[in-house]
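The lines below spell out each chain.
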Amino acid sequence: MASDSGGYENLIIDFKDTVATITINRPDVLNALNAETTLELGRAVDSLAADDRFHVLIITGAGEQAFVAGADIGVLATYDPVEAREAARLGQSTFDKIEECGKPVIAAINGYALGGGCELALACHIRFAAEGAQIGLPEINLGVIPGHGGTQRLARLIGKSAATELICSGAHVNTTDAVRIGLVNAVHPADSLMEAVYKFASKLASKPRIAMRYALEAVNQGMNVTLKEGQAIEADLFGLCFATEDQTEGMSAFLEKRKANWKGR
Ligand code: COA
């Protein structure tokens, strides 16, 4: 696997074939997110989204204990209301970049995913977790509420009732419960998590890229509008697929009983 420092202080970027992995690298504080790390994450996502060599992104945390244990509480504790609002807006806009980057982003939750870490995972399109990981929004226990999209995305993902329970209790969910409530897609033994995630990422990376982008767009946009509006978005994007060579190739390959040779255009 190749890697690239990319001038990042708090991230490691690894590449294998068409899959890029971003590792949040502040293990001394369980990969807690400060502003510098959040800004670097936004820069990395922008750059990997624009780079045609990469079809799928994975986000994980350094070390064996944590994915991301939240926003850096040492920094949070110093904020005045204006700074807190700015920090929330920065986190939200960075995580929006992930959701809207046009390529599947998979969270490999290798340990604690708390507060901003849970919100980071929620902004990814798909979540896989290691056995023993704990996920939650404990902000209420610090006298605040989630500020990086958690109150909005969690309710959309697992429903209002279950989200309210988690946000208001601040409880950590174990991986068994996380799968049961639809918070993570699947759980793997810790020592094979990255292998399983990479295998799944490779499968997605082999699919036609433009249809993949439209599928993500249809699902994401549809979460925020009425059913009728969502279906109109779907019909437009479905129609646009018919402007791609991959649509012609995919259907010809099926009819000719051969494997499709995707062009990515
Ligand atoms: N911000 C800043 N530092 C953090 C952090 C965070 N969100 N989460 C953990 N750390 C630091 C700890 O202060 C500690 O630093 P130290 O070694 O200098 O004392 C180090 O990471 C290890 O954490 P520690 O608490 O000793 O590990 P633990 O295994 O006993 O507990 C957690 C792990 C995740 C349960 C605990 O660290 C925790 O509750 N973290 C905060 C989670 C949170 O509230 N996140 C939401 C923030 S909005």
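The rules behind these values
Residues numbered from 1 in each chain as written. Predicted model: local features only at pLDDT ≥ 70, side-chain atom pairs only at ≥ 80, totals over all residues. Heavy atoms only, no water. Helix = DSSP H or I, 4+ residues; strand = E, 2+ residues; numbered from the N terminus. Buried < 20%, exposed > 50% of the residue type's maximum accessible area, 1.4 Å probe, protein only. Patch = residues over 30% accessible without salt bridge, like charges linked within 9 Å, V, L, I, M, F, W, Y side chains within 5 Å. Areas by Shrake-Rupley, 256 points an atom, 1.4 Å probe, with all protein chains shown as cover. Salt bridge = Lys/Arg side-chain N within 4 Å of Asp/Glu carboxyl O. Domains from an automatic or database assignment. Contact = heavy atoms within 4.5 Å. Buried area = accessible area lost by both parts, 1.4 Å probe. Near = heavy atom within 4 Å. Polar contact = N/O pair within 3.5 Å; in protein donor to acceptor, adjacent residues only side chain to side chain. Nonpolar A, V, L, I, M, F, W, Y, C, P; charged D, E, K, R; others polar. Pairing = 2+ DSSP bridges. Axes fitted to C-alpha atoms, helices over the stretch in contact; angles between N-to-C directions. Parallel < 35°, antiparallel > 145°, perpendicular 65-115°, else oblique. Left-handed = near helix turned anticlockwise from the far one by under 90°.

A. Inspection of unusual backbone geometry at higher detail. For leucine 30, which is not glycine, the phi torsion reads 55° and is therefore positive. Counting through the fold element by element, leucine 30 comes out in the loop between β3 (19–24) and α1 (35–50). Overall, leucine 30 belongs to the partly exposed group, its relative accessible area being 25%. A positive phi angle is found at lysine 257, which is not glycine, with a value near 55°. Residue placement: lysine 257 occurs in the segment after α11 (245–255).

B. Broad picture of a nonpolar patch on the surface. A grouping of Ile73, Leu76, Leu142 and Val144 is seen on the molecular surface, where their side chains present a nonpolar patch of about 320 Å² in accessible area. Relative to the helices and strands, leucine 142 is located in the loop between β9 (135–136) and α5 (150–158). Leucine 142 gets classed as partly exposed once you look at its relative accessible area, which sits at 47%.

C. Summary view of the domain arrangement of the protein chain. Looking at the assigned domains, one finds that the protein chain contains domain 1 (2–205) and domain 2 (209–255). Measuring from the centre of the C-alpha atoms in domain 1 to the corresponding centre in domain 2 gives 27 Å. In this assembly, 10 residues from domain 1 lie in contact with 7 residues from domain 2. Both faces combined, the contact of domain 1 with domain 2 buries some 800 Å², and carbon together with sulfur accounts for 56% of it. Run the count over domain 1 and domain 2 and you get 1 salt bridge.

D. Summary view of the site of the ligand. Neighbouring the ligand are 16 residues; Val29, Gln65, Ala69, Ala71 and Ile73 lie closest to it. Within the backbone of alanine 69, one N or O atom sits 3.0 Å away from a nitrogen atom of the ligand. With respect to the ligand, the backbone of alanine 71 contributes an N or O atom lying 2.9 Å from a nitrogen atom. Of all elements in the fold, only α2 (73–76) and β7 (112–114) reach the threshold of two or more residues within the shell around the ligand. Tallied by class, the residues present in the shell around the ligand amount to 11 nonpolar, 2 polar and 3 charged.

E. Local environment of the pairing of strand β2 (residues 11–16). In the sheet, β2 pairs with β3 via 6 bridges, with the strands oriented antiparallel. The partner of lysine 16 across the bridge, within β3, is valine 19. Count of turn residues in the β2/β3 antiparallel hairpin: 2 residues, of which aspartate 17 carries a positive phi of about 50°.

F. Structural detail: the sheet that holds strand β10 (residues 172–173). Overall, mixed pairing links the 4 strands, which are arranged β5-β7-β9-β10 in an open sheet. Looking at the sheet topology across the chains shown, the edges are occupied by β5 (66–68) and β10. Strand direction decides the pairing type here: β5 and β7, joined by 2 bridges, are parallel. Bridging from a neighbouring strand, alanine 66 pairs with tyrosine 112 of β7.

G. Highlighting the packing of α1 against helix α3 (residues 81–99). At a minimum axis distance of 9 Å, the contact between α1 and α3 shows a crossing angle of 25°. Judged by the inter-axis angle, α1 sits roughly parallel to α3. With respect to the hand of their crossing, α1 and α3 are arranged in left-handed fashion. The residues of α3 that touch α1, namely those facing Ala35, Thr38, Leu39, Leu41, Gly42, Val45 and Asp46, are Leu90, Gly91, Thr94, Phe95, Lys97 and Ile98. Taken together, the residues that form the contact of α1 with α3 break down as 7 nonpolar, 4 polar and 2 charged.

H. Representation of the pattern of salt bridges in the model. Scanning all chains against the criterion turns up 10 salt bridges. Here arginine 209 ties to aspartate 52 by a salt bridge, and the two come within 3.9 Å at their closest N and O atoms. One end of the pair, arginine 209, is in helix α9 (residues 209–222); the other, aspartate 52, is in the loop between α1 and β4 (56–61), with 157 residues separating them in the sequence. Put simply, arginine 153 and aspartate 96 hold a salt bridge, and the shortest N to O gap is 2.8 Å. Separated by 57 residues along the polypeptide, arginine 153 in helix α5 and aspartate 96 in helix α3 bring together distant segments of the chain. Since its relative accessible area comes to 29%, aspartate 96 is described here as partly exposed. The structure contains a network of salt bridges with shared partners spanning Asp96, Glu99 and Arg153.

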